[in-house]
Amino acid sequence: MFKVAVIGCGARSLAYAKPLVDSGEVQIVACADPSWVHTKNMLDYAKIDEKTIRYYTDWQDLLDSEKELDGAVVATPNNLHHQPAIAVLKRKIPLALEKPLTTTMQDSEKILDVVRENRSQLVLGFVLRSAPFYQIIREQVDSGRIGRIISMQADELVMPGISSVITRSPWRRFAEQSGGSMMEKSSHDMDLMNWFAGGRPETVSSFGGSLLFRPNPTLPENCLDCPAQGTCLYYKKPQFSEAAGDAVLQNSLERDLDRCIYNIDKDVYDNQVVSIQYSNGILVNFTLAFNCIGERGGRNIHIIGSKGRIWGNIDSNQIGIHENLSNKTEHIAVPIVPGGHNGADNLHALNLVKMLKDSSCRPAQDAYAGYLSNAVCIAADLSIAEKRQIHFRYRANGYIDLV
Ligand SMILES: NC(=O)c1ccc[n+]([C@@H]2O[C@H](COP(=O)([O-])OP(=O)(O)OC[C@H]3O[C@@H](n4cnc5c(N)ncnc54)[C@H](O)[C@@H]3O)[C@@H](O)[C@H]2O)c1
């Protein structure tokens, strides 16, 4: 049995603990999180007896005490990724690190330095690359049916439950801790765009802001005093999906659940559009919008190629593909795989087992993929702040200056 530690035992940790334990090849031996309530929730969810783990409130104490770890999961808030991640990697322990890599270019480069020095095994939480929906799109694009990619349109239309998480979570609603909404919510999508484009992002332009959940002096601070009960989707309890981790997400939000989504203090955007131009000429347009419910909500993608197009909505479990020469459209059914993120979560977590079994295994969702995604998210927010296009200047080592 591989001995694995979990650092940060909030909502997301559930999506690792359970499949790892269920694999029958991993024993969670130690956990670090200042909240025992969250840790206990994770242990219960993964059916781990609390007597079989050593609990620490501080990840540094865990790493100082646990001398025989085979692997680790780091799922702390975004601005707290780099320190435990670097400490784990310096011990040459394979790591599943949640996305985004970090919240700044500098901290990301510190991780990259350590990864390169140690030839580290690291899988970043870009779970969507494992989703059958995106796997099939990738296969179809690689088959050449739509020719070479010319441009891509994509969006993430966030449902009310998660819109509430972003705008009410103790750390997600402040850009300093989460890196902003684009980074927290759509670093996945920026990674997918980079993955499909296959080139280097070169120029980014973005517009956005808080267009929806703006302060409203006619509403009270607290939902319980609000006349909008019954008409506001955000009255007290947001709507959550059944995805793993939602129960603990509610726990972590408990102290802010009653606070008006419009009036709560926050500085993250709720709407943003990003355009990217790649070194190989590919163009991207991406929209992030909150408060989206119903048909065609969630994630949509449309890739336009030199010989045809491919498109789909991740929740429809269907992909359309049109070939220009035959002028025919085919609809491909996407297999429904149980688990969070449209079946991706369990497959993703098992990347850690693969790394533990094979010291040469280095998943493609690596630190540099995280760095590129981060660079796009950071450039997008900079573009808004400075009202200009942001250009990527690559150094010889692949690190980027945003100018
Ligand atoms: N890959 C995905 O699809 C996906 C989905 C959701 C969240 N995430 C990422 O997972 C990470 C955690 O998100 P979450 O939803 O679990 O948030 P959360 O708020 O539910 O959990 C974060 C946990 O970290 C703990 N924590 C805070 N400071 C800590 C410290 N110094 N040491 C150890 N633990 C500490 C908190 O007590 C909490 O239990 C974030 O980086 C988030 O972006 C990824």
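The structure reproduced in this document is the subject of the present report. Predicted, not measured: the structure shown is a model, and the values here were computed from it. (Residues numbered from 1 in each chain as written. Predicted model: local features only at pLDDT ≥ 70, side-chain atom pairs only at ≥ 80, totals over all residues. Heavy atoms only, no water.)

## Topic: the overall build of the protein chain
Here is step 1: Along the backbone of the protein chain there are 12 helices and 16 strands.
Here is step 2: Against the globule reference of 22 Å for 403 residues, the protein chain gives a C-alpha radius of gyration of 21 Å, in line with a compact fold.
Here is step 3: Each principal axis of the C-alpha atoms in the protein chain carries an extent, and together these give about 65 × 60 × 45 Å.
Here is step 4: Across the 403 residues in the protein chain, those meeting the buried criterion constitute 57%.
Here is step 5: Of the contacts made within the protein chain by residues no fewer than 6 positions apart, 73% connect residues no fewer than 24 positions apart.
Here is step 6: Only carbon and sulfur atoms are counted for the fraction: they give 50% of the accessible area of the protein chain, which is about 17200 Å². (Helix = DSSP H or I, 4+ residues; strand = E, 2+ residues; numbered from the N terminus. Rg over C-alpha atoms; globule rule 2.2 N^0.38 Å. Buried < 20%, exposed > 50% of the residue type's maximum accessible area, 1.4 Å probe, protein only. Contact = heavy atoms within 4.5 Å. Areas by Shrake-Rupley, 256 points an atom, 1.4 Å probe, with all protein chains shown as cover.)

## Considerations on the packing of helix H1 (residues 14-22) against helix H2 (residues 36-45)
Here is step 1: The N-to-C vectors of H1 and H2 enclose an angle of 35 degrees; their axes lie 9 Å apart at closest approach. Read as a crossing pair, H1 and H2 show a hand that is right-handed. Where H1 abuts H2, its residues Leu-14, Ala-17 and Lys-18 lie against Asn-41, Met-42 and Tyr-45.
Here is step 2: Along the lines of polarity and charge, the residues of the contact of H1 with H2 split into four nonpolar, one polar and one charged. (Axes fitted to C-alpha atoms, helices over the stretch in contact; angles between N-to-C directions. Left-handed = near helix turned anticlockwise from the far one by under 90°. Nonpolar A, V, L, I, M, F, W, Y, C, P; charged D, E, K, R; others polar.)

## Describing the nonpolar core
Here is step 1: Core analysis: the largest hydrophobic core is formed by 90 residues, its most contacted members being Ile-111, Tyr-134, Ile-137, Phe-196 and Ile-303.
Here is step 2: The biggest single contributor to this core is helix H12 (residues 367-386), with 11 residues.
Here is step 3: Not counting residues up to four positions away in its chain, the partners in contact with Ile-303 are Ile-137, Val-141, Ile-146, Ile-149, Ser-151, Met-152, Phe-196, Gly-308, Arg-309 and Ile-310.
Here is step 4: Of all hydrophobic cores here, the second largest spans 24 residues; its members include Leu-14, Leu-43, Ala-96 and Ala-349. (Core = buried A, V, L, I, M, F, W, Y, C linked by side-chain atoms within 4.5 Å.)

## Re the sheet that holds strand S2 (residues 26-32)
Here is step 1: Spatially, the six strands line up as an open sheet ordered S3-S2-S1-S4-S5-S6, and their pairing is parallel. If you trace the sheet from one side to the other, it starts and ends with strand S3 (54-56) and strand S6 (122-124), each paired once. Adjacent strand axes in the sheet meet at a mean angle of 20 degrees when their direction is disregarded.
Here is step 2: Taken strand by strand, H2 contacts strand S1 (2-7), S2 and S3, and its axis lies near 170 degrees from that of S2. (Pairing = 2+ DSSP bridges.)

## Considering the environment of Ser-35
Here is step 1: Along the chain, the position of Ser-35 falls in the loop between S2 and H2.
Here is step 2: For the pair Ser-35 and Val-268, spaced 233 residues apart in sequence, the C-alpha separation works out to 25 Å.
Here is step 3: At 3.4 Å, the side chain of Ser-35 forms a polar contact with the backbone nitrogen of Val-37. (Polar contact = N/O pair within 3.5 Å; in protein donor to acceptor, adjacent residues only side chain to side chain.)

## Some remarks on the sheet that holds strand S16 (residues 400-402)
Here is step 1: Within the open sheet, the 10 strands sit side by side as S14-S13-S12-S11-S7-S10-S9-S8-S15-S16. Their pairing is mixed. Only two strands of the sheet have a single partner each, and these edge strands are strand S14 (328-333) and S16. Across this sheet, the average inter-strand angle for adjacent strands is 15 degrees, counted without regard to direction.
Here is step 2: The strands touched by helix H6 (residues 132-143) within the sheet are strand S7 (149-157), strand S11 (298-305), strand S12 (308-313), strand S13 (318-323) and S14, with S11 carrying the most contacts at an inclination of about 0 degrees.
Here is step 3: Each of S7, strand S8 (201-209), strand S9 (271-278), strand S10 (283-289) and S11 touches helix H9 (residues 181-197); the most contacted strand, S10, lies at about 155 degrees to it.

## A few points about the environment of Leu-356
Here is step 1: Structurally, the position occupied by Leu-356 is in helix H11 (residues 340-357).
Here is step 2: Counting along the chain gives 184 residues from Leu-356 to Arg-172, while the straight-line C-alpha distance between them is 31 Å.
Here is step 3: Residue contacts for Leu-356: discarding those within four places in its chain leaves Phe-2, Val-4, Val-26, Asp-70, Gly-71 and Pro-94.

## Regarding the site of the ligand
Here is step 1: Around the ligand lies a shell of 28 residues, among which Asp-33, His-38, Asn-78, His-81 and Glu-184 are the nearest.
Here is step 2: Gly-10 has a polar backbone atom sitting 3.4 Å from an oxygen atom of the ligand.
Here is step 3: Take Arg-12: an N or O atom from its main chain is 2.8 Å from an oxygen atom of the ligand.
Here is step 4: Elements with a contribution of two residues or more to the shell around the ligand: H9 and helix H10 (246-253).
Here is step 5: A breakdown of the residues in the shell around the ligand according to their chemical character gives 11 nonpolar, 11 polar and six charged.
Here is step 6: Inspection of the shell around the ligand shows a minimum of three residues originating in each of domain 1 (2-127 + 342-363) and domain 2 (129-217 + 263-340 + 375-394). (Near = heavy atom within 4 Å. Domains from an automatic or database assignment.)

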